[in-house]
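These are the residues of each chain, in order.
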Number of protein chains: 2
Amino acid sequence: MKNTLKLLVASGDASPDMRYASGLSTPDEFIWFGTDRESGVVMSALEYNRACSQVRSGVRVYAETELGRNRLEILTELLRRFDAAGFVVPAEFPLGLAEKMRSAGLTVRPVDGCFFPAREFKSEPEAAAVAAALRGAEAGLERAVGILRESGIGADGSLIWEGAPLTSERLRSEIDVVMLRRGLLPTGTICAGGRQSAQPHHQGSGVLYANAPIVMDIFPRSGATGYWGDLTRTVVKGRPSDELLRMYDAVLAARELGKEKIRIGAVPAEIHRAAASVLESAGFRTGRSAEGDFGFFHGLGHGVGLDIHEAPRLSPRNEIPLRGGEMITVEPGLYYPGLGGIRLEDLVWLAPDGAVHTLTRAPDFFTVD
Amino acid sequence: MKNTLKLLVASGDASPDMRYASGLSTPDEFIWFGTDRESGVVMSALEYNRACSQVRSGVRVYAETELGRNRLEILTELLRRFDAAGFVVPAEFPLGLAEKMRSAGLTVRPVDGCFFPAREFKSEPEAAAVAAALRGAEAGLERAVGILRESGIGADGSLIWEGAPLTSERLRSEIDVVMLRRGLLPTGTICAGGRQSAQPHHQGSGVLYANAPIVMDIFPRSGATGYWGDLTRTVVKGRPSDELLRMYDAVLAARELGKEKIRIGAVPAEIHRAAASVLESAGFRTGRSAEGDFGFFHGLGHGVGLDIHEAPRLSPRNEIPLRGGEMITVEPGLYYPGLGGIRLEDLVWLAPDGAVHTLTRAPDFFTVD
């Protein structure tokens, strides 16, 4: 029986699979292919030299011109050289290219699920790369907490820093600058205060206020390694209400229980449900009103690696037991329109040997004077 | 005859088409669909509220739960509601999802070329958004030139700034910090010195030296609007060789001729060839040696908008005349392994009325004392 060739056509910047397979971070797309025994990339003139010096060890670099005059010729030539019957591609492979390949007589079959299942299970160097990105997120958070500490409170409760209103935008940019100086790429850092904090994905905008929660969700990617870190803390400058304090305690307890449940063989859906029931037992209901969703209405966590959201999901639908090697966030939250939101996120590595490492070192402060 | 529905399934962050159609910048993917008369987005619980407040005017927001229990149900329901026979999708639509849709009896047809051809032709507000991003790139460049000016030269010719060797990484991070503070997202800023500058896409690493070219290619994206700016300048700290000076003059002349040729009806391939012949007439050959490509071996320019590389290309293969509205870079370069590279990039808006605006304001300095 003939081989099939694994095939990617993507840029290293946009595709974690491509970065994983080739080791290359490129703005423009190129071809990677692999058999069980060997793999290669096919580069344009513009990228050829750089690819030779930066490609992942063991991956051979081909120049486009040595294989064909256009993409279809190159792909046809690859099948011939490797005596392969067709290509296997990831689910997100571009439909337009797949149809052109099929019109030219090439076989293209998308896989269901992960293209490189091994990506889910992190080695020690990969865990170190995630931890390094996380250290940058923590440095950003430390800067933000320092700014909140330095800030004054205006007559209307608004925060004032260095003589000007402290906005979500200013706070975010100060966090991002710290990360950038460490070679991390900030990507949508969340600094959402007050009512905005009740929307888990609101990036935050406008003036920040005292006595109200500020959710800071910081997820930089390392320019050097491509690996992400992920960290969330919620902070109040001044005095939180008793209701917010109870929410905070419940979310913290849910996170800690979630982390305790992580071990080889544990079922993600059960971990999610255990954390959710901590919140419910504390009296915090989940549901939907005219104002939108309230309570705990997202998954407990997700895998982190070369992608910020990857397998495994700690969601009520994931029944596949953990195997060891997973890098997972544990991030319960409570959100009530009008009151605000609390989310606390740690990053946990379930090592291949079954040891559980909380990579996050940031303290769990809630209030800042 | 029944309608077809245009369909996107993508995140606003990753897909310029999605950002264009929905106005939403989101980390997670969602559904956008449109007929000739109306359009809508289908949001998860997590994104619903934010979408309602940030969606592009005229686009209706649906909750997933009101249309179906999963993606296939939702898509089937959309066809029913809009009395449509099938979906038209962009070429980069994910193959895996297309095959699942087809297995469920849904018709999916990818378009060849641009999904929203109107994206190529920029209105005045769009041109202003690009110009705003470009102003940030220029501020970054100004900072870099200031640092080069402040730098001393060590005994071995290396640059020294604030008591430490000036590296590509440090210079890049200082440029990026300036842009970040202006709400721009830095994305792969190039600061390539010496031999690295001979590779057009080399990001640059290690210590920078006097009397050698430093190519700075700066292309930030605005977080607020999603539009990109693009700017390249080449600078020498100290004294360039006569050869480098001749290269610089030729590249500058090629860029200016390229800009002069831009007008409604002009053919991109001819503009490229005109600029290329300026370089050849000045004695600079293009070709390939054992060390790689040399001379002028990339396209003269590309469109810029919600994507950093989009239509139209100023390439020898693009024979489609300009129509007015295009936003185009003009960026000839010369690259010789061992000697280094020179690239100079301006951004030009060919307004719909035929007026040609050079948006770039940065000076064309070559040497810095």
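Before any of the text, the structure's been laid out above.
Below you will find a few notes about this structure. (Residues numbered from 1 in each chain as written. Chains lettered and ligands numbered in written order. Predicted model: local features only at pLDDT ≥ 70, side-chain atom pairs only at ≥ 80, totals over all residues. Heavy atoms only, no water.)

**Concerning the overall build of chain A**
Piece 1. Counting its secondary structure elements, chain A contains eight helices and 24 strands.
Piece 2. With respect to the principal axes defined by its C-alpha atoms, chain A has extents near 75 × 45 × 40 Å.
Piece 3. Intrachain contacts of chain A at a sequence separation of at least 6 include 63% that bridge at least 24 residues.
Piece 4. Carbon together with sulfur atoms contributes 50% to the accessible area of chain A, which is approximately 15,100 Å² in total.
Piece 5. Across chain A, the 41 positively charged side chains and the 47 negatively charged ones have centroids separated by 2 Å. (Helix = DSSP H or I, 4+ residues; strand = E, 2+ residues; numbered from the N terminus. Contact = heavy atoms within 4.5 Å. Areas by Shrake-Rupley, 256 points an atom, 1.4 Å probe, with all protein chains shown as cover. Lys, Arg positive; Asp, Glu negative; His and termini not counted. Charge placed at Lys NZ, Arg CZ, Asp CG, Glu CD.)

**Observations regarding the nonpolar core**
Piece 1. Membership of the largest hydrophobic core comes to 61 residues, with the highest contact counts inside it found for Trp32(B), Val41(B), Leu171(B) and Met216(B).
Piece 2. Take this core: its biggest share by element is twelve residues, from helix α5 (residues 124-150) of chain B.
Piece 3. For Val41(B), the contacting residues outside a window of four places in its chain are Ser22(B), Leu24(B), Phe30(B), Ile31(B), Trp32(B), Phe33(B), Val55(B), Val59(B), Arg60(B), Val61(B) and Tyr62(B).
Piece 4. By size, the runner-up hydrophobic cluster in this structure holds 59 residues, among which are Phe115(A), Val130(A), Leu159(A) and Ala351(A). (Core = buried A, V, L, I, M, F, W, Y, C linked by side-chain atoms within 4.5 Å. Buried < 20%, exposed > 50% of the residue type's maximum accessible area, 1.4 Å probe, protein only.)

**Quick word on the sheet that holds strand β12 (residues 213-218) of chain A**
Residues and elements named next belong to chain A.
Piece 1. The sheet built from four strands is open, its strands ordered β11-β12-β14-β24 with mixed pairing. Where the open sheet ends on each side, the last strands, each with one partner, are β11 (190-193) and β24 (367-368).
Piece 2. Pairing geometry for strand β14 (residues 231-237) and β24, over two bridges, is parallel. Its bridge partner being in β24, Lys237 is matched across the sheet by Val368. (Pairing = 2+ DSSP bridges.)

**Description of the relation of the copies chain A and chain B**
Piece 1. It takes a turn of 180° to lay chain A on chain B, together with a shift of 0.0 Å along the axis; the resulting RMSD is 0.0 Å. In symmetry terms, the pair is related by a two-fold rotation axis. Considering only C-alpha atoms, the residue of chain A closest to the rotation axis is Leu95(A), which sits at 2.2 Å.
Piece 2. A symmetric contact is evident, with 100% of the interface residues of chain A recurring at the interface of chain B. (Least-squares fit on C-alpha atoms with pLDDT ≥ 70 in both.)

**Details of the sheet that holds strand β9 (residues 164-165) of chain A**
All names here are of chain A.
Piece 1. Taken in spatial order, the three strands make up an open sheet running β7-β8-β9, and their pairing is antiparallel. Strand pairing shows two members of the sheet lacking a second neighbour, β7 (152-153) and β9, which therefore form its edges.
Piece 2. In this structure, β7 lies alongside strand β8 (residues 159-161), joined through two bridges in antiparallel fashion. The residue bridging Ile153 from the neighbouring strand is Leu159, located in β8.

**Some thoughts on helix α4 (residues 95-103) of chain A**
Piece 1. Listing the buried residues of α4(A) in full gives Leu95(A), Gly96(A), Leu97(A), Ala98(A) and Met101(A).
Piece 2. Positioned one or two residues after α4(A), Gly105(A) has a phi angle of 90°, which is positive.

**What about the packing of aromatic side chains?**
Residue and element names in this part refer to chain A.
Piece 1. Under the counting rule described, the total for this entry stands at 18 aromatic pairs over all chains.
Piece 2. Summarising the aromatic geometry, the rings of Phe33 and Tyr62 are spaced 5.6 Å apart at their centres and angled 50° between planes, so their arrangement reads as tilted. Pair noted here: Phe33 is in strand β2 (residues 29-34) and Tyr62 is in strand β4 (residues 59-63), with a separation of 29 residues, a long-range link. Assigned by exposure class, Phe33 and Tyr62 land together as buried.
Piece 3. One aromatic cluster is present, formed by Tyr20, Trp32, Phe115 and Phe116 through successive ring pairs. (Phe/Tyr/Trp six-rings, centres within 6.5 Å; stacked < 30°, edge-to-face > 60°.)

**Remarks on the pairing of strand β22 (residues 346-350) of chain A**
Residue and element names in this part refer to chain A.
Piece 1. With five of its five residues buried, β22 lies for the most part within the structure.
Piece 2. Burial along β22 is two-sided: Asp346, Val348 and Leu350 facing one way and Leu347 and Trp349 facing the other are all buried.
Piece 3. The sheet contact formed by strand β19 (residues 327-330) and β22 spans four bridges and is antiparallel. Each residue of the ladder has a partner; that of Thr329, found in β22, is Leu347.
Piece 4. In terms of strand pairing, β22 meets strand β23 (residues 356-358) through three bridges, oriented antiparallel.

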